[in-house]
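Per-entry structural report
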Amino acid sequence: MYEILLVVYLVVALALVGMVLIQQGKGADMGSSFGAGASGTVFGSSGAGNFMTKTTTILASVFFVLSIVLGNLTAGQIKKTDEWENLEAAPAVETITPAADDVPATSTKEKSDVPN
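The structure contained in this document is the topic of the report that follows. For every chain, the first residue of the written sequence is number 1, and numbering continues from 1 onward in sequence order. At least 70 in pLDDT is required for a residue's local features to be given in this predicted model, at least 80 for side-chain atom pairs to be given and counted, and no such filter applies to totals for whole chains, interfaces and linings, which use all residues. To get the side-chain values, take all heavy atoms of the structure and skip hydrogens and water.

By the criteria applied, helices consist of DSSP H or I runs no shorter than four residues and strands consist of E runs no shorter than two, each listed in order from the N terminus. In terms of helices and strands, the protein chain carries 2 helices and 0 strands. Residues classed as buried in the protein chain amount to 11% of the 116 residues present. Between two residues, a contact is recorded if the distance between any of their heavy atoms is within 4.5 Å. A fraction of 85% describes how many contacts in the protein chain between residues 6 or more apart in sequence connect residues 24 or more apart. Summing over all exposed atoms, the protein chain offers an accessible surface of approximately 10500 Å²; the carbon and sulfur share of this is 64%. Relative accessibility decides the category of a residue: with a 1.4 Å probe and only protein chains considered, values under 20% of the type maximum give buried, values over 50% give exposed, and everything between is partly exposed. Each accessible area is a Shrake-Rupley estimate made with a 1.4 Å probe; only the visible protein chains count as cover when residues are assessed.

Take a look at the structure:
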């Protein structure tokens, strides 16, 4: 089920990008560059949405719904590991203590800089 939704999601995304790219912008006709028509309005000329506008709206809605559904499915599939989950004590570090005969000792009772 997840894989099928993912393929549909990718197809819808590509179709949405294609529909947006092939649409003509508002006021992009020849007359608007010379000040004719409704180019003086704030948002350009508007009218009833044509087939491309309605198709883009439907594809965008399907894209957002699929995004939410796939997000919920993914959140349920992936289990986040917690670094505080394993609270066992770390293995003790082995310390090496020097042996008594590691330090050279003087055999005579001379005065030395090394404390006893």
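Bringing the environment of Met-52 into the picture now. Relative to the assigned elements, Met-52 resides in helix H2 (residues 51-77). For the pair formed by Met-52 and Val-20, sequence separation is 32 residues and the distance between their alpha carbons is 8.6 Å. Ignoring sequence-local partners within four residues, the contact set of Met-52 consists of Met-19, Ile-22 and Gln-23.

Here we come to the packing of aromatic side chains. For this analysis, a ring pair means two rings from Phe, Tyr or Trp (six-membered ring only for Trp) whose centres lie within 6.5 Å, classed as stacked if their planes differ by under 30 degrees, edge-to-face if by over 60, and tilted for the remaining angles. Applying the stated rule across the entire model yields 2 aromatic pairs. Ring plane angle 15° and centroid distance 5.0 Å describe the contact between Tyr-9 and Phe-63, whose orientation is recorded as stacked. Of the two residues, Tyr-9 sits in helix H1 (residues 2-22) while Phe-63 sits in helix H2, which places them 54 residues apart along the sequence. Ring pairing ties together the aromatic residues Tyr-9, Phe-63 and Phe-64, which thus form one cluster.

Bringing the nonpolar core into the picture now. Ranked by size, the top nonpolar core spans 10 residues in total: Leu-5, Val-12, Ala-13, Leu-16, Met-19, Leu-59, Ala-60, Phe-63, Leu-66 and Leu-70. When residues of this core are traced back to their parent elements, those giving at least two are H1 and H2. Beyond its immediate stretch of four places on either side in the chain, Leu-70 contacts Tyr-2, Leu-5, Leu-6 and Tyr-9. Within this scheme, the nonpolar core is defined by two criteria: the residues are buried Ala, Val, Leu, Ile, Met, Phe, Trp, Tyr or Cys, and they are joined through side-chain atoms within 4.5 Å.

Turning to its location among the elements, Thr-56 is positioned in helix H2. On the basis of relative accessible area, Thr-56 is assigned to the buried category, the value being 15%. In protein, a polar contact requires one atom able to donate a hydrogen and another able to accept it; more generally it is a pair of N or O atoms within 3.5 Å, and residues adjacent in sequence count only if both atoms are side-chain atoms. At 2.4 Å, the side chain of Thr-56 forms a polar contact with the side chain of Gln-23. Not counting chain neighbours up to four residues away, the residues in contact with Thr-56 comprise Leu-16, Met-19, Val-20 and Gln-23.

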